[in-house]
Amino acid sequence: MDVVEAIRTRKSIRGYKPDPVPEETLREILEIAIRAPSGMNTQPWEITVVTGKTLDDLRQGNIETLMSGAANQAAPGRRAFEGKYRQRQVDLAVQLFTLMGIDREDREKRALWMQRGFRFFDAPAAFILSVEKSLGESMAAFAIGALAQTICLTALNYGLGTCIADQGIIFPEVVRKFTGIPESQQPVISIAIGYPDWDFPANKVESTRDPLENVVTWCGST
Ligand SMILES: Cc1cc2nc3c(=O)[nH]c(=O)nc-3n(C[C@H](O)[C@H](O)[C@H](O)COP(=O)(O)O)c2cc1C
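What comes next is a walk through the structure. (Residues numbered from 1 in each chain as written. Predicted model: local features only at pLDDT ≥ 70, side-chain atom pairs only at ≥ 80, totals over all residues. Heavy atoms only, no water.)

Let's shift gears to the site of the ligand. Inspection of the region around the ligand gives 14 residues, with Arg 10, Ser 12, Arg 14, Ile 164 and Gln 167 positioned closest. Note that an oxygen atom of the ligand is positioned 2.8 Å from one of the side-chain N or O atoms of Arg 14. Between the ligand and the protein, one listed contact pairs an oxygen atom with a side-chain N or O atom of Ser 207 at 3.1 Å. Here the shell around the ligand gets three residues from one element, more than from any other, and that element is strand S3 (residues 161-165). Taken together, the residues that form the shell around the ligand break down as six nonpolar, three polar and five charged. (Near = heavy atom within 4 Å. Polar contact = N/O pair within 3.5 Å; in protein donor to acceptor, adjacent residues only side chain to side chain. Helix = DSSP H or I, 4+ residues; strand = E, 2+ residues; numbered from the N terminus. Nonpolar A, V, L, I, M, F, W, Y, C, P; charged D, E, K, R; others polar.)

As structure tokens, this is what we get:
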């Protein structure tokens, strides 16, 4: 697949077929994706592949922790979005809820929808991307972002869909319990991966982008 086509085709997939992804395929995707750039080629990523019963246990652990009312441990100081950022967040939520037939006032259905993210959208596999805590946060986070997008684009080549999601790692202690990720590493993001279920309504979402003019400033002359 052409790289531009891949970038245009990629979208977050929130409903998957139950079919497992062969380990060899997951391995190939990662082999390719670790060509992602990193500051001074430090490659500050640790990748955990979670499948099968371990993933099911992790899903359950996340849901139990969520239901217990535990606070978001991954980003305790994270503030709510405001202004145009909040608006973009709301626009996406409205689209997803409309597709899923979830009424704005229906708290139960909204709660069930939120749980999907904590269940890795019931995908047959998930990657957890972590960094050593001793590494500088911004540089490592940038590299993790580059790796995440590269994984998502590469996955398309194998007919696979993905969803980058912080919901999966919001409870790092739960992630550690089931994956063995050591205390010295911080899980930064999860990526659900599997074969898309195109009949799942939320997969029809078409996220928007602000026009380029709103986000670009040209300096100098060409
Ligand atoms: C850092 C990051 C965290 C995200 N976390 C979640 C999440 O927890 N749950 C979710 O449903 N989507 C999550 N997403 C997916 C975004 O909602 C999605 O990328 C955005 O709406 C644009 O849509 P698209 O990926 O379909 O182009 C996340 C994406 C990124 C980059």
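A separate point is the pairing of S3. S3 sits mainly inside the fold: four of its five residues count as buried. The sheet contact formed by S3 and strand S4 (residues 185-194) spans five bridges and is antiparallel. Of the residues in S4, the one forming a bridge with Cys 163 is Ala 192. (Buried < 20%, exposed > 50% of the residue type's maximum accessible area, 1.4 Å probe, protein only. Pairing = 2+ DSSP bridges.)

On to the packing of helix H2 (residues 23-33) against helix H6 (residues 137-156), then. Where H2 meets H6, the axes come as close as 9 Å, and the angle between the chain directions of the two elements is 130°. Between H2 and H6, the angle is such that the two are oblique. As for the relative orientation of H2 and H6, their crossing is right-handed in sense. On H6, the residues that touch Ile 29, Leu 30, Ile 32 and Ala 33 of H2 are Leu 147, Thr 150, Ile 151, Thr 154 and Ala 155. Along the lines of polarity and charge, the residues of the contact of H2 with H6 split into seven nonpolar, two polar and no charged. (Axes fitted to C-alpha atoms, helices over the stretch in contact; angles between N-to-C directions. Parallel < 35°, antiparallel > 145°, perpendicular 65-115°, else oblique. Left-handed = near helix turned anticlockwise from the far one by under 90°. Contact = heavy atoms within 4.5 Å.)

These values are about where atoms sit, not about what they do.
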